[in-house]
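Residue-level structural notes
Listed here are the chains, written in short residue letters.
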Amino acid sequence: MTAVDTVGQAGSERATFLLPKHAYLDAGWYAREQRELFGKVWNLVAAEIDLPEPGDVLPVQVGCHPVLLVRGTDGVIRGYLNMCRHRGMALACEAGHAGANVRCPYHGWEFAADDGSLVRIPQRSGQFADTDPNAWALLPVAVQSWAGLVFCNPDPDAAPLEEFLGELPQRIGPFDPLRLTQVARLRVPLRCNWKLYIENHIDVLHLWYLHADSLGMFDHAGFAHDWVGPHWVSDEVLRPGADRPRGAMLPIAHIPDEERDVLRANLIFPNVPTSSSETMWITYQVVPTGPETSELDIRVLGEPGSQLDAESEATLLAVLRDEDGFAVEQIQRVLRSPKFAVGPLASAHELPITRFHRLLLERLA
Amino acid sequence: MDLRNDSPTRFLLPAEAYRDPAWLEREQRALFDHTWHLVAAVDELTEPGSYVEAAAGRSPLIVVRGSDGVIRAFHNFCRHRGMAVVCAAGRTSSTLRCPYHGWEYGADDGALVRVPQRAGQFADVETERWGLVPASVGIWGGLVFAHPDDDAEPFDAFLGEWPQHIGSFRPERLTQLARVRIEGSFNWKLFVENHIDVLHLWYLHDRTLADFDHPRFQHRNLGGHWVSYEPLKGGEVAEAAITRGTTPIAHLAERDRTGIGAHMLFPNVLMASSSEFWISYAVSPLTPDRSVIDLRVRAEPGADAAELVAAARSFIDEDVFACEQVQAVLAAPRFEVGPLAAEHERPITTFHQHLLAVLEAGTVPEAGAVPA
Ligand code: FES
Ligand code: FES
Ligand SMILES: [Fe+2]
Ligand SMILES: [Fe+2]
């Protein structure tokens, strides 16, 4: 990924906060991100289990594009713009089962689930005699899966998902998410711009302070992190002799013993933090819902048969919502203060924020 | 005693002023970013080191009593990445510590006194440059006011001669017994206009304020500020409807034991008084059509707080109801304000004149300067 290789290397670059304040407040900036960033990148849009059966459909929003995910009769999940080619009605407004054909509720046009072709126009001979159905198939968008997660890129020139992910799948530790099951999905509304949450996720410095109690048992001095193309990976281990709340979830069977004391945090660019421990592998996408709001969409994966017990859930939400979420909501509030400006950044521990900003600015230029 | 002004009373603001985000943005920039706000009471900051969080318009503030007993205000954002340094009321023995990355600031002067991992991560940072940003503080009547600018217009100049027109009340001699937050769906200006509208006393408050002699209501503007007084009907010392507590304020003169007052400090600090309480209720915008009222009740220490809150709310809730109804109608395309009462709604015209002068000039006028 040549675009990314131009980004400065850690150690040589100065940690600076590059984005202006209005990047976190302004509707115009938000619209530009929706168009230029989310409209041209691989977006996490679903998990494969959200469409369990052939013929299942799920409407999702990808940047400015309404997309309908459809699991074909062949079991493959595909994406089409969720607009009927007749007058533009949304083909589905909620998750459901369509079968072999997706039928528009407005005037009954039907499209094949497997290739989007227009297979039925009611009253065709009387009303649409000249219409060539071959010209009016659903418009496809690129959809691909990795690790049970479904991604969509609305850009017609999108490179394949494998190219976008690059080395990332080999850098997330010895986990195979396909051998795990989703044990919970939690949604947390946030009163902040999505970027604040991501910046917090790749900020190494706050581990010592904001999470002094919740993550104090880990050896932050040995925190290792790296960029993998536009993505970010990190790990740290438990301090010798320390322990952590382990909850009642089953340990993940397929990881080696030395992984059991490791805490990993990664970022699938631009807005999907993931992390893993001995008992869970989680994604927590920060879905932008407006310039000053977003939603954390948390999926917890665990060993088959495991359940998210109350203690594990509380430990998880304490960090992701009550500490991280709380901090970034406070910053969002402060951003409106006419007197506020960001100060100096930590030379190494906040450098990932600078790189994240460069990656965004490249795409918004 | 009424404001002498022969020009007709008029409603000068357009409907947009009550519903348009751009209009609120202008108000924030030109008015609230540069005026005095009621932010606390001295009773909330009793001990050295005690602090509260507050807001002055869009500026979140920390109000803190220093080890020297002086109350100061700082902008409540960490100079590092902007986390709120304090998120609730509390007390510190020395410094205020940001929970995000641990920067610490002196509670007396806001100076940045500690940057964890400084040598390794912040080697070039000159700590003298990154103290908390100071705001200005003024105290009157046991109430703490703050101005976002540290070179603000002096607080005494802002008050002007207003403190000399509130009769025998000395609210600093009273104790804060209650504080209540009331949110409502109305533009903040509707609530101010309602407060200075004399006409509605007869009607909206026909039961709650029935014991008072509205024809003898006296009021005047002092620049943008406003004071008023009305006596009990017949002037007898009787138990009035809104003084349901049991502990009259000891220091009042006869006039104030037998009447009530309603006052305002421009633009949004409303106050009211009776023989038993002094209440302040600043109204601040949340959005163009949502506001929050921060009600504080001061009274003699032994008074019945619940009764006094109920007494204040008996008329405030009626006012909130009226403002919410008007706000709802403001969205209607064919709505327009009709004729105003020749005298009983004059303070609304004056309020609008002051507000428009600020928005046009981008600054707050001297107290007493009514635009032509
Ligand atoms: S819009 Fe779909 S059939 Fe008419
Ligand atoms: S934001 Fe306060 S220490 Fe970092
Ligand atoms: Fe965190
Ligand atoms: Fe009223």
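Residues numbered from 1 in each chain as written. Chains lettered and ligands numbered in written order. Predicted model: local features only at pLDDT ≥ 70, side-chain atom pairs only at ≥ 80, totals over all residues. Heavy atoms only, no water.

**Details of the overall build of chain B**
Heads up, the rule is: Here a strand is any run of E in DSSP of at least two residues, a helix any run of H or I of at least four, and the numbering for each starts at the N terminus. Throughout, the radius of gyration refers to the C-alpha atoms, and the reference size of a globule is 2.2 Å times the residue count to the power 0.38. Buried residues are those whose accessible area, probed at 1.4 Å on protein chains only, stays under 20% of the maximum for their type, while exposed residues exceed 50% and partly exposed ones sit between those limits. All accessible areas in this document rest on Shrake-Rupley with a 1.4 Å probe, and a residue is counted as covered only by the protein chains that are shown.
Looking only at helices and strands, chain B has seven helices and 17 strands in total. Since a compact globule built from 372 residues should have a radius of gyration of about 21 Å, the 22 Å found for chain B is in line with a globular shape. The dimensions of chain B, computed from C-alpha atoms along their principal axes, are 75 × 50 × 35 Å. Buried residues in chain B amount to 57% of all 372 residues. When the accessible surface of chain B is split by element, carbon and sulfur atoms take 51% of a total near 14800 Å².

**Brief notes about the coordination of the iron ion (ligand 4)**
All names here are of chain B. Let me state the cut-off plainly: Here a donor is any nitrogen, oxygen or sulfur atom (N, O, S) within 2.8 Å of the metal, with 3.2 Å used for Na, K and Ca; water is not among the atoms considered, so some sites may look incomplete. All geometry calls rest on donor angles, where a four-donor set with angles between 85 and 135 degrees is tetrahedral, four- and six-donor sets with opposite donors more than 155 degrees apart and all others between 65 and 115 are square planar and octahedral, and all else is irregular.
Protein coordination at the iron ion (ligand 4): the donors are His-200 (NE2), His-205 (NE2), Asp-319 (OD) and Asp-319 (OD), at 2.1 to 2.7 Å from the metal. One way to put it: the four donor atoms around the iron ion (ligand 4) meet at angles of 52 to 148°, and that makes the site irregular. Between the donor residues of the iron ion (ligand 4), the gaps in sequence give the motif H-x4-H-x113-D. On the criterion of sequence distance, the pair formed by His-205 in the loop between helix 4 (188–195) and strand 12 (218–222) and Asp-319 in helix 6 (residues 305–330) is long-range, its members being 114 residues apart. Across the pair, exposure class does not vary: His-205 and Asp-319 are buried alike.

**Considerations on the packing of helix 5 (residues 194–201) of chain A against helix 8 (residues 351–364) of chain A**
All names here are of chain A. Inclusion rule: Whenever a helix is involved, its axis is fitted only over the stretch in contact; in every case the axis is a line through C-alpha atoms, and angles between N-to-C directions fall within 0 to 180 degrees. Roughly parallel means an angle under 35 degrees; roughly antiparallel means over 145; roughly perpendicular covers 65 to 115; every other angle is labelled oblique. The hand of a helix crossing depends on one turn: near helix anticlockwise from the far one by less than a right angle means left-handed, and clockwise means right-handed. By the convention used here, residues are in contact when the closest approach between their heavy atoms is within 4.5 Å. Amino acids outside the nonpolar list (Ala, Val, Leu, Ile, Met, Phe, Trp, Tyr, Cys, Pro) and the charged list (Asp, Glu, Lys, Arg) are all regarded as polar, and Gly is one of them.
Across the interface, helix 5 lies against helix 8 with an axial gap of 9 Å and an inter-helix angle of 140°. With respect to each other, helix 5 and helix 8 are oriented oblique. The chirality of how helix 5 crosses helix 8 is right-handed. Contacts between helix 5 and helix 8 involve Trp-194, Lys-195, Ile-198 and Glu-199 from the former and Ile-353, Phe-356, His-357 and Leu-360 from the latter. Of the residues assigned to the contact of helix 5 with helix 8, the class counts are five nonpolar, one polar and two charged.

**Some words on unusual backbone geometry**
Omega for the bond connecting Phe-269 of chain A with Pro-270 of chain A falls within 30 degrees of zero, at 0°, which places this linkage in the cis form. Here Pro-270 of chain A is to be found in the loop between strand 14 (262–268) and strand 15 (272–276). Residue Phe-266 of chain B is joined to Pro-267 of chain B through a cis peptide bond whose omega torsion reads 5°. One non-glycine residue, Ala-147 of chain A, adopts positive backbone phi at about 55°.

**Examining the pairing of strand 1 (residues 37–41) of chain B**
Residue and element names in this part refer to chain B. We apply this condition: Each pair of strands is called paired provided DSSP finds at least two bridges between the two strands.
Judged by how many residues are buried, strand 1 sits mostly within the fold: five of five residues are covered. Here strand 1 pairs with strand 10 (residues 143–147) via four bridges, running antiparallel. The residue bridging Ala-41 from the neighbouring strand is Leu-143, located in strand 10.

**Structural notes on the sheet that holds strand 4 (residues 77–81) of chain A**
Residues and elements named next belong to chain A. Spatially, 1-10-9-4-3-2-5 is the arrangement adopted by the seven strands of the open sheet, whose pairing is antiparallel. The strands lining the two open edges of the sheet, one partner per strand, are strand 1 (43–47) and strand 5 (96–97). Summarising the sheet, strand 2 (residues 56–62) and strand 5 pair through two bridges and their orientation is antiparallel. Residue pairing for strand 5: Asp-56 is matched across the bridge by His-97.

**What to know about the domain arrangement of chain B**
Residues and elements named next belong to chain B. Selection rule: Domain ranges listed in this record stem from an automatic or a database domain assignment. When two parts are brought into contact, each loses some accessible area as probed by a 1.4 Å sphere; the total of that loss over both is the buried area. Any Lys or Arg side-chain nitrogen located within 4 Å of an Asp or Glu carboxyl oxygen qualifies as a salt bridge. Polar contacts, as counted here, are pairs of nitrogen or oxygen atoms within 3.5 Å of one another; within protein the pair requires one atom able to donate a hydrogen and one able to accept it, and residues that are adjacent in sequence qualify only if both atoms are side-chain atoms.
On domain assignment, one finds that chain B holds domain 1 (15–34 + 160–361) and domain 2 (37–141). Taking only C-alpha atoms into account, the centre of domain 1 sits 32 Å from that of domain 2. Counting from both sides, the interface comprises 21 residues of domain 1 and, opposite them, 12 residues of domain 2. Where domain 1 abuts domain 2, roughly 1300 Å² becomes buried across the two surfaces, and 50% of that area is made up of carbon and sulfur atoms. There are five salt bridges connecting domain 1 and domain 2. Viewed at the interface, domain 2 and domain 1 are joined by nine residue pairs in polar contact (both at pLDDT 80 or more). Sorting the residues of the side of domain 1 that touches domain 2 by element identifies helix 1 (21–30), strand 11 (175–184), strand 15 (269–273), strand 16 (278–287) and strand 17 (290–299) as the ones contributing at least two each. Its residues assigned to classes, the side of domain 1 that touches domain 2 comprises 10 nonpolar, four polar and seven charged.

**Quick word on the nonpolar core**
Cut-off, in case you're wondering: Nine residue types can take part in a nonpolar core, namely buried Ala, Val, Leu, Ile, Met, Phe, Trp, Tyr and Cys, and a core is a set of them joined through side-chain atoms within 4.5 Å.
Membership of the largest hydrophobic core comes to 105 residues, with the highest contact counts inside it found for Trp-146, Leu-296, Ile-298, Val-300, Leu-320 and Phe-356 of chain A. Apart from the residues within four sequence positions on either side, Leu-296 of chain A is in contact with Leu-186, Arg-187, Val-188, Leu-190, Tyr-197, Tyr-284, Gln-285, Val-286 and Leu-320 of chain A. Trp-23, Phe-191, Ala-272 and Val-358 of chain B belong to the second-largest nonpolar core, a separate cluster that totals 53 residues.

**Some remarks on the pattern of salt bridges**
All names here are of chain A. Following the criterion strictly, the structure yields 47 salt bridges over all chains and no others. Between Glu-33 and Lys-195 there is a salt bridge whose closest N-O contact spans 2.7 Å. Placement of the pair is Glu-33 in helix 2 (residues 27–37) and Lys-195 in helix 5, with a sequence separation of 162 residues. With respect to class, Glu-33 is no different from Lys-195; both count as buried.

**Thoughts on the coordination of the iron ion (ligand 3)**
Residues and elements named next belong to chain A. Those protein atoms acting as donors to the iron ion (ligand 3) are His-206 (NE2), His-211 (NE2), Asp-324 (OD) and Asp-324 (OD), and they sit at 2.1 to 2.5 Å. Metal-centred angles of 56 to 150° between the four donor atoms at the iron ion (ligand 3) mark the site as irregular. Between the donor residues of the iron ion (ligand 3), the gaps in sequence give the motif H-x4-H-x112-D.

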